[in-house]
Amino acid sequence: MNDVDSLARLADVIEARKPSNGGDPEASYVARLLAKGPDAFLKKIGEEATEVVMAAKDADHGGDRAKLVGEVADLWFHCMIALAHYGLRPADVVAELRRREGLGGLEEKALRKARAREGSGE
Ligand SMILES: N=c1c2ncn([C@@H]3O[C@H](COP(=O)(O)OP(=O)(O)OP(=O)(O)O)[C@@H](O)[C@H]3O)c2ncn1[C@@H]1O[C@H](COP(=O)(O)O)[C@@H](O)[C@H]1O
């Protein structure tokens, strides 16, 4: 199984845990978070992002890199809950990353600025 398949499988589980699909907030963390609504899982995303930053800073100073992996997994997982809530799939994110393949970040930024200048009539 490849990386994208693993994400798709987890997305299927999250989809099945939606309260509207019968997920039970008493028995499932995903169902509980989805039942609480966007504020709850968006707050978790903020917290997990901060934990990623702290684990990365620790790793910079000889800390445990496995901790960083764990925190990134938590962040990805909670982002996947948000994607599911908004009717999106990991494949949508992968398609966007594929669309960007070969277009450097600096090049993309220059194009974006040029388009904004054209739009403002400068
Ligand atoms: N990948 C995960 C996963 N990663 C993290 N977590 C949970 O996310 C929570 C993260 O919260 P924190 O680390 O902040 O710890 P906490 O203090 O317990 O959090 P809170 O009290 O603030 O919610 C923990 O309860 C973790 O167990 C996950 N829970 C579930 N999954 C996957 O989702 C599937 C469905 O899970 P259920 O919906 O619970 O059946 C599972 O089979 C897994 O594949």
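Residues numbered from 1 in each chain as written. Predicted model: local features only at pLDDT ≥ 70, side-chain atom pairs only at ≥ 80, totals over all residues. Heavy atoms only, no water.

- The name that an unreviewed UniProt entry assigns to the protein chain is Phosphoribosyl-ATP pyrophosphatase, with the source organism given as Caenimonas sedimenti.
- The Catalytic activity (unreviewed entry) comment attached to the protein chain in UniProt states, word for word, "1-(5-phospho-beta-D-ribosyl)-ATP + H2O = 1-(5-phospho-beta-D-ribosyl)-5'-AMP + diphosphate + H(+)".
- Turning to the protein chain, the UniProt annotation filed under Subcellular location (unreviewed entry) states: "Cytoplasm". (UniProt positions renumbered as here; feature names shortened; annotations may be inferred.)

**Section: the nonpolar core**
Then comes step 1: Counting 15 residues, the largest nonpolar core has I14, V30, L33, L34, F41, F77 and I81 as the members making the most contacts within it.
Then comes step 2: Of all the secondary structure elements, the ones that give two or more residues to this core are α1 (3-17), α2 (29-36), α3 (38-60) and α4 (65-85).
Then comes step 3: Looking at which element gives the most residues to this core, the answer is α4, with 6 residues. (Core = buried A, V, L, I, M, F, W, Y, C linked by side-chain atoms within 4.5 Å. Buried < 20%, exposed > 50% of the residue type's maximum accessible area, 1.4 Å probe, protein only. Helix = DSSP H or I, 4+ residues; strand = E, 2+ residues; numbered from the N terminus.)

**A word on the confidence of the model for the protein chain**
Then comes step 1: In the predicted model, the protein chain carries a mean pLDDT of 95, and the fraction of residues at 70 or more is 100%.
Then comes step 2: Across the whole predicted complex the pTM is 0.91, and at the interface the ipTM reaches 0.92. (pLDDT = per-residue confidence, 0-100.)

**Re the environment of A31**
Then comes step 1: Relative to the helices and strands, A31 resides in helix α2.
Then comes step 2: Judged by its relative accessible area of 0%, A31 falls in the buried class.
Then comes step 3: If sequence neighbours within four positions are ignored, A31 has contacts with R17, P19, G23, D24 and P25. (Contact = heavy atoms within 4.5 Å.)

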